Amino acid sequence: MLALHYIENDAPFPEVHKALDEPNGLLAFGGDLSPQRLFSAYSQGIFPWFSDDEPLLWWSPDPRAIIGLDDFCVSKSLKKLVRQRKYTVTLNHAFDRVIDTCSAIPRVTQSGSGVSNETWITDDMKAAYSQLHGLGIAHSVEVWENEELVGGLYGVGIGKVYCGESMFHKKSNASKLAMVALVEHMRSQQMAFIDCQLPTEHLASLGARTVSRNDFIKTLRENNQTVNSQGELSSEYVQRWRPREITP
C-alpha cells in the first residue's frame, strides 16, 4: 500500500510524479491555504480539492484537461446570445459574489438523478481565494443583466495561463458567455490556454482536450511570467487583469 505524503507547515510539495494513479492525481494532504502555498501549488500544476469533512487534499492529475484559445467552441445558440448584447460582462468587478454564488448553486448529482447542495468550495476555500484575489492573483468574470449577477466564473492566473476553478449561471448560457468573454480577453492579451483540471463532457463540448501531466507542467512553466525579479507581480501581469468591462 502506498502512503500518501503529508505536508508539514512550510514544507514543499512532493514532486508531482509521485501522485497516485487511483484516485487519479491525489498527491498529498496537509499544509494550509495561505496565498504563498496556493501560488506555489498552481505554479507547479497542483490544486486543492476537498470537502468539509476531509483533510486538505492536493491534486495533480494525469492527463490534464485544457482549452487552447484557438480550440474553444462556440455553439450557434451561444453565438446568437453574443450578438444580442443583452448582458454586460466585466472582469474582476465582483470576485467575492462570484465565488459565493458558485458555492451555493445546486449541482446535478453524479448519477444525474437529482441535485445536491453539497460543495467543495468550503468557507476556508472562499476566504483563501478572496485573499488571493486581493493580492491580484485570483480573477473573476461576471455576467450582468442590468444590476443582477446572472453568471460568472473564477480562477487563478499563473503567467499567461488561467486556471479555472468554478462557474455558475442563473440565466441560460450565462456561464458560457463568461467563458467566451474570458477567451476573447485572453486572446487580446496573447495568453496561452485555460487549465480545466479534469476532463468532463461539458468541458469537451467547449473544446477541452487532454494532455499529459508532463506536457502540461512544461507548458505551464514556459508561460509563468507572473512575478518580476523583485518577486512582485509584473507590470504586464497587473495590466492584463485590471478591472474592466470585456466584450465577448
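Above this note sits the structure.
Here the structure is a predicted model, which means the values were calculated and not measured. (Residues numbered from 1 in each chain as written. Predicted model: local features only at pLDDT ≥ 70, side-chain atom pairs only at ≥ 80, totals over all residues. Heavy atoms only, no water.)

Draft legend 1. The arrangement of the pairing of strand β5 (residues 64-68) in detail. The buried count for β5 comes to five of five residues, which makes it a mostly enclosed element. A two-sided burial pattern is seen for β5, the buried positions comprising Arg64, Ile66 and Gly68 on one face and Ala65 and Ile67 on the other. In the sheet, β5 pairs with strand β13 (residues 209-211) via three bridges, with the strands oriented antiparallel. In the sheet register, isoleucine 66 faces β13, and the bridge partner there is arginine 209. Bridge count for β5 against strand β12 (residues 193-197) is four bridges, and the pairing is antiparallel. Paired with alanine 65 across the bridge in β12 is glutamine 197. (Buried < 20%, exposed > 50% of the residue type's maximum accessible area, 1.4 Å probe, protein only. Helix = DSSP H or I, 4+ residues; strand = E, 2+ residues; numbered from the N terminus. Pairing = 2+ DSSP bridges.)

Draft legend 2. Quick peek at the nonpolar core. Membership of the largest hydrophobic core comes to 79 residues, with the highest contact counts inside it found for Trp58, Tyr129 and Ile194. It is helix α5 (residues 174-188) that provides the largest number of residues to this core, a total of nine residues. (Core = buried A, V, L, I, M, F, W, Y, C linked by side-chain atoms within 4.5 Å.)

Draft legend 3. Structural view of the sheet that holds strand β4 (residues 57-59). As summarised here, the arrangement of the four strands in space is β1-β2-β4-β3, forming an open sheet in which the pairing is mixed. Of all strands in the sheet, those with a lone pairing partner are β1 (5-7) and β3 (47-48), marking the two edges. Note: β1 against strand β2 (residues 26-30), three bridges, orientation parallel. Paired with tyrosine 6 across the bridge in β2 is phenylalanine 29.

Draft legend 4. The packing of helix α3 (residues 95-104) against helix α4 (residues 123-134), seen in detail. Where α3 contacts α4, the two axes come as close as 10 Å, and the packing angle between them is 155°. In terms of orientation, α3 and α4 fall into the roughly antiparallel class. Two packed elements cross with a definite hand, and for α3 against α4 that hand is right-handed. Contacts from Phe95, Asp96, Ile99, Asp100 and Ser103 of α3 reach α4 at Met125, Lys126, Tyr129, Ser130 and His133. The class makeup of the residues in the contact of α3 with α4 is four nonpolar, three polar and three charged. (Axes fitted to C-alpha atoms, helices over the stretch in contact; angles between N-to-C directions. Parallel < 35°, antiparallel > 145°, perpendicular 65-115°, else oblique. Left-handed = near helix turned anticlockwise from the far one by under 90°. Contact = heavy atoms within 4.5 Å. Nonpolar A, V, L, I, M, F, W, Y, C, P; charged D, E, K, R; others polar.)

Draft legend 5. Region of interest: the pattern of salt bridges. Counting across every chain of the model gives seven salt bridges. Taking the shortest distance from any N to any O, the salt bridge between arginine 64 and aspartate 195 comes out at 3.0 Å. You can see arginine 64 sitting in strand β5 and its partner aspartate 195 sitting in strand β12, a full 131 residues away along the chain. Of the charged contacts in the structure, one is a salt bridge between aspartate 100 and lysine 126, with a shortest N-O distance of 3.5 Å. With aspartate 100 in helix α3 and lysine 126 in helix α4, this pair connects stretches of sequence that are 26 residues apart. Each of Asp100, Asp123 and Lys126 takes part in a single network of salt bridges with overlapping partners. (Salt bridge = Lys/Arg side-chain N within 4 Å of Asp/Glu carboxyl O.)

Draft legend 6. Region of the structure containing the sheet that holds strand β11 (residues 161-169). Overall, mixed pairing links the eight strands, which are arranged β13-β5-β12-β11-β10-β9-β6-β14 in an open sheet. The sheet is open, and its two borders are formed by β13 and β14 (244-245), each paired with just one other strand. Running over the sheet, helix α1 (residues 35-43) touches β10 (148-158), β11 and β12 and is turned about 75° from β10. Packing of helix α7 (residues 213-222) onto the sheet brings it into contact with β5, β10, β11, β12 and β13, and relative to β12 it is tilted by some 140°.

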